[in-house]
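# Architecture at a glance
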Amino acid sequence: MGLDQAAIESLRAMILASGTGQLAVGDLRSCEVAGQTWSGNPAHLRSVSAALQRAAQGLEDYLVVRAPDGQPVAKMRVDYASQHDTGVFSQLVTMSPLQGLGIATMLIGAGELRVRDRGLAFAALGVEDDNPRARRLYQRLGYQAAGRQHASWEIEDDDGVRWMYETTLTILRKHL
């Protein structure tokens, strides 16, 4: 399951020629998690599965952008329960060969719509200091720095060795 290199190159050419209009945003399905290896390590995929359980309870959404054949090419978690009056975006990633084509912008826009539909006033997300490209995108979309926050999550390498990754995030926030 998933897109092979030829399909990715064809999709990239299509987006460059005509934009993201043939892509669609929808909800990630639990049967698709195993195929999301392009988005993170096994510990990350366990986190995605846990997020889908929370989504089933109405506490969050897990959105994907789908290629015309239905395969996810970008994804993002939207948490509605962790901050008052705010949808918190996390785990945002686009397949590497498809970055810089407007897919993340499309996904963030869909996430903002979901946040507004829930009657929440703000969207927020965290970005690491070593990701200036993402920070420029978020700022271009109207997100402004609102503080700093320590964060950590489990990482797992190809040999199954697990450890806690620790970082500091700049929190960016946008009034919707």
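Above: the structure in question.
The rules behind these values
- Residues numbered from 1 in each chain as written.
- Predicted model: local features only at pLDDT ≥ 70, side-chain atom pairs only at ≥ 80, totals over all residues.
- Heavy atoms only, no water.
- Helix = DSSP H or I, 4+ residues; strand = E, 2+ residues; numbered from the N terminus.
- Buried < 20%, exposed > 50% of the residue type's maximum accessible area, 1.4 Å probe, protein only.
- Pairing = 2+ DSSP bridges.
- Salt bridge = Lys/Arg side-chain N within 4 Å of Asp/Glu carboxyl O.

### Re unusual backbone geometry
Negative phi is the rule for most residues except glycine; trans is the rule for most peptide bonds. Here Asp85, not a glycine, exhibits a phi torsion of approximately 60°, which is positive. Position of Asp85 relative to the elements: it lies in the loop between strand E3 (72-83) and strand E4 (86-94). A relative accessible area of 26% places Asp85 in the partly exposed class. A positive phi angle, close to 55°, is found at Gln91, a residue other than glycine. Mapped onto the secondary structure, Gln91 falls in strand E4.

### So, the pairing of strand E7 (residues 162-175)
Within a regular strand, side chains alternate between the sheet's two faces. As paired elements, strand E5 (residues 122-128) and E7 share 7 bridges and run antiparallel to each other. Across the sheet, the residue bridging to Phe122 is His175, located in E7. The sheet contact formed by strand E6 (residues 144-156) and E7 spans 12 bridges and is antiparallel. Along E7, the bridge assignment pairs Arg148 with Thr170.

### Focus: the pattern of salt bridges
This model, assessed by the stated rule, comprises 13 salt bridges. Several salt bridges converge on common partners, so that one network encompasses Arg46, Glu154, Glu156 and Arg162.

Coordinates in, geometry out; function isn't part of it.
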